2 protein chains.
Amino acid sequence: MFENQDRTNLEDLGEFGLIGHLTKNIKLTQPSTVKGVGDDAAVLDFTGKKVLVSTDMLLEGIHFDLAYTPLKHLGYKAIQVNLSDIYAMNGTASQVTVSIGMSSKFPLEAIEELYEGIYIACEKYNVDLVGGDTTSSKQGLVISVTSIGYADEADVTYRNTAGEGDLICVSGDLGGAYVGLQLLEREKQIYLENPKIQPDLEGKDYIVERQLKPEARRDIVELLKSIDVKPTAMIDVSDGLASEILHICKESDKGCNLYEDKIPLDPMTYETAREFNLDPTVCALSGGEDYELLFTVKQADYDKIKFKMDITIIGHITEPSAGCNLITKTGNVHALKAQGWNAFKKD
Amino acid sequence: MFENQDRTNLEDLGEFGLIGHLTKNIKLTQPSTVKGVGDDAAVLDFTGKKVLVSTDMLLEGIHFDLAYTPLKHLGYKAIQVNLSDIYAMNGTASQVTVSIGMSSKFPLEAIEELYEGIYIACEKYNVDLVGGDTTSSKQGLVISVTSIGYADEADVTYRNTAGEGDLICVSGDLGGAYVGLQLLEREKQIYLENPKIQPDLEGKDYIVERQLKPEARRDIVELLKSIDVKPTAMIDVSDGLASEILHICKESDKGCNLYEDKIPLDPMTYETAREFNLDPTVCALSGGEDYELLFTVKQADYDKIKFKMDITIIGHITEPSAGCNLITKTGNVHALKAQGWNAFKKD
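Residues numbered from 1 in each chain as written. Chains lettered and ligands numbered in written order. Predicted model: local features only at pLDDT ≥ 70, side-chain atom pairs only at ≥ 80, totals over all residues. Heavy atoms only, no water.

Visitor: Now, about the interface of chain B and chain A: what can you tell me, with residues and values included?
Guide: Every contact between the two is made by 73 residues of chain B and, on the other side, 73 residues of chain A. Between chain B and chain A the total buried area reaches about 5900 Å² when both faces are included, carbon and sulfur atoms providing 54% of it. In this assembly, chain B and chain A are joined by six salt bridges. Arg159(A) serves as the salt-bridge partner of Asp40(B), at 3.3 Å between the closest nitrogen and oxygen. (Contact = heavy atoms within 4.5 Å. Buried area = accessible area lost by both parts, 1.4 Å probe. Salt bridge = Lys/Arg side-chain N within 4 Å of Asp/Glu carboxyl O.)

Take a look at the structure:
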């Protein structure tokens, strides 16, 4: 990917040289950032607000495969995955810290690509990069991001506050990131068997982007504020719809009915799942990495959201003894099970 | 280390099972913690204070060697390393998030040991563990910690505010962590050559502890407050005294004179450095990992600190054109160079 003449060795640059190089163009834009990169800690000011903090770690070989993940996309995704958690609290993301561990054999230009994606995401989502750590890794690329945000106390939305009768809503569509991953994995295998065959992703842009370049749903948080709807509970869809709704129900001590025919699927997700002999509903329930927002609202808010293009009502919250159920297209009732991504599953 | 009958497989427990297991005994103690582990993000309240955020990543094979690092110590150290950055801002640490990547072949009992050290550090230093991430790693143990703290605006102490004539002070003693590491590395080599020979660390407890179980200097921050001294600049000693004082001077646009005979060395550090044919002063200047606080104070504060046992005045800040100098015991003047730990050095 990088020709020798374009290479700058990280070893020659050193840690402080690298940090200086990577952070020299940082522009701080957030009123809450008092001091960013360049001291022992960032200094932030959230007078009158609650502070939200979330963190995620992405490891090569577990969360991403550099065989088909452009570094710029990876940097972008690492930020999105984290911002998504702040939005899932109904908050505004304002800062991130980014720690990177990478082989000293990586050329500087590769790290620059990674940071380019990070900076693009920060700029687009109005967050300041205020700190981090860079180190060499003997073990592949390691990315750890902490996101920081804020919200008025009255706006903070937890998982454990869904009420009986509340409508269950989800933004966007589901299952695409998982089906996109299947496609990328297939093309990788074909390539490994015969490097002369070019990957065939023609016409599959949407689901490939869902996997490689997800967008956290800040717009949904803003939309809900603009129509004066406060969700009663909210979570982001990182592990699959089933796992997430079970979190809300368990934490809220409630049950739920989800309707299979209401689950929003993009036609490309549907068709491609079928090509892989996968059940599209299962992809939505258990696939994960969609980074959509799953939330509950009071029935009284139904009129405010019913015509919002990007929000789908997929069920309702019930009393706990009713359990958590999926009502299939044929009217059968199945108990929902979390079969989402298990970070410790056997290979 | 762990017999088979004591093993609980991470694979069987799953990610949420593991998180539940590891966090079930968390006690939140900080008034600023509104919500800890268990939602998309932690919720914190720092009304009227500046918020401090810092993050560090520790990678197996780079920052620690499991051949001689007990996991409990490693967990403890991972927290200390991060809290040290908050104290270096003259703040109070109040929360941490901890992300761990580890092989799914690790037994649960190993992770429990790691977390035991984490929890002991949190309890001792009055910080709440409020979030994190656990994931499997194909490539060794990965630990990423973000620490969060607070300070009154007037108390926050940056690196770039040292003034000409200010006294340069350091807490505790220096070089011990580096010499301790040399000792551990030597014993590891002896063990690898002949596993029947037991490691000989007799009488070396202090420097071994300096390496394996450092203590962040919260007490110094509290001491300075109690005697009404606000440092004019402060940084923690993670990369060695030379690297840190150069940071302060560069950021403050000043020079400095450091006096070799003032640099505090523990006798065990001195003797053991000599055993290894190392210059003890170089160990202090370039060794790193001491996690002491290096700070500057106005000359007017001299009387307040001169008899403080755990603070040593080692030099003073000069005009920038004078450069950054070490005055040796024989009266020679050497320009200080940062030869601290380089995360990207060649092996």
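Moving on, there is more to tell.
Visitor: I'd like a rundown of the side chain of Lys77(A), residues and numbers included.
Guide: All names here are of chain A. With respect to the secondary-structure elements, Lys77 resides in helix α2 (residues 71–87). Overall, Lys77 belongs to the buried group, its relative accessible area being 9%. Residue contacts for Lys77: discarding those within four places in its chain leaves Gln211, Leu212, Pro214 and Glu289. (Helix = DSSP H or I, 4+ residues; strand = E, 2+ residues; numbered from the N terminus. Buried < 20%, exposed > 50% of the residue type's maximum accessible area, 1.4 Å probe, protein only.)

Visitor: Tell me about the sheet that holds strand β13 (residues 333–335) of chain B, residues and numbers included.
Guide: Residue and element names in this part refer to chain B. The seven strands are arranged β8-β10-β7-β11-β9-β12-β13 in an open sheet whose pairing can be described as mixed. At either end of the open sheet lies a strand with only one pairing partner, and these are β8 (233–236) and β13. Averaged over neighbouring strand pairs, the angle between their axes works out to 25° when direction is ignored. Relative to strand β11 (residues 311–318), strand β7 (residues 167–171) runs antiparallel, the two sharing five bridges. From the neighbouring strand, Val170 faces β11, where its bridge partner is Thr312. Those strands touched by helix α6 (residues 218–226) are β7, β10 (293–297) and β11, and its axis lies near 20° from that of β10. Along the sheet face, helix α7 (residues 241–252) touches β7, β8, β9 (255–259), β10, β11 and β12 (324–327) and points at about 150° away from the line of β8. (Pairing = 2+ DSSP bridges. Axes fitted to C-alpha atoms, helices over the stretch in contact; angles between N-to-C directions.)

Visitor: Tell me about the packing of aromatic side chains, and please be specific about residues and values.
Guide: Residues and elements named next belong to chain A. Going through the model one piece at a time under the given rule, you end up with six aromatic pairs over all chains. For the ring pair Tyr87 and Tyr125, a centre distance of 6.4 Å and an interplane angle of 35° mean the geometry is tilted. Note that Tyr87 is positioned in helix α2 and Tyr125 in the loop between α3 (108–124) and β5 (128–136), a separation of 38 residues in sequence. When sorted by exposure, Tyr87 lands in the same class as Tyr125, which is buried. (Phe/Tyr/Trp six-rings, centres within 6.5 Å; stacked < 30°, edge-to-face > 60°.)

Visitor: Pulling in residues and values, what's your account of the relation of the copies chain B and chain A?
Guide: For the match of chain B to chain A, the screw axis carries a shift of 0.0 Å, the RMSD comes to 0.0 Å, and the turn is 180°. Both copies of the chain, as the preceding transformation shows, are related through a two-fold rotation axis. Most of the interface of chain B is mirrored in chain A: 100% of its interface residues are interface residues there too. (Least-squares fit on C-alpha atoms with pLDDT ≥ 70 in both.)

Visitor: Tell me about the pattern of salt bridges, and please be specific about residues and values.
Guide: Side chains that differ in charge, positive against negative, can pair when their charged atoms come close. All names here are of chain A. In this structure the tally under the stated criterion is 38 salt bridges over all chains. Residue Lys49 is joined to Asp152 by a salt bridge in which the shortest nitrogen-to-oxygen separation is 2.8 Å. With a gap of 103 residues between them, Lys49 in the loop between β2 (42–45) and β3 (50–59) and Asp152 in the loop between β6 (142–151) and β7 (167–171) connect regions that are remote in the sequence. Take Lys49: its relative accessible area is 27%, and that puts it in the partly exposed class. Measuring nitrogen to oxygen at the nearest pair gives 2.9 Å for the salt bridge that ties Asp219 to Arg217. The class of Asp219 is partly exposed, set by a relative accessible area of 39%. You can call Arg217 buried: its relative accessible area is 10%. It is possible to trace a salt-bridge network through shared partners that takes in Arg210, Arg217, Asp219, Glu292 and Asp310.

Visitor: Hey, could you go over the UniProt feature "domain: PurM-like N-terminal" (unreviewed entry) in chain A for me, with residue numbers and the actual values?
Guide: The sites that UniProt annotates as "domain: PurM-like N-terminal" (unreviewed entry) are residues 38–150 of chain A. For residues 38–150 of chain A, helix accounts for 30% and strand for 38%, while the C-alpha atoms at its two ends are 23 Å apart. (UniProt positions renumbered as here; feature names shortened; annotations may be inferred.)

Visitor: Explain the packing of helix α4 (residues 176–193) of chain B against helix α8 (residues 267–275) of chain B to me, using residue names and the numbers behind them.
Guide: All names here are of chain B. Running from N to C, α4 and α8 cross one another at 45°; their axes reach a closest spacing of 9 Å. As far as their axial angle goes, α8 and α4 are oblique. The handedness of the crossing between α4 and α8 comes out as left-handed. Contacts between α4 and α8 pair Gly176, Val179, Leu183 and Arg186 from the former with Thr269, Thr272, Ala273 and Glu275 from the latter. (Parallel < 35°, antiparallel > 145°, perpendicular 65-115°, else oblique. Left-handed = near helix turned anticlockwise from the far one by under 90°.)

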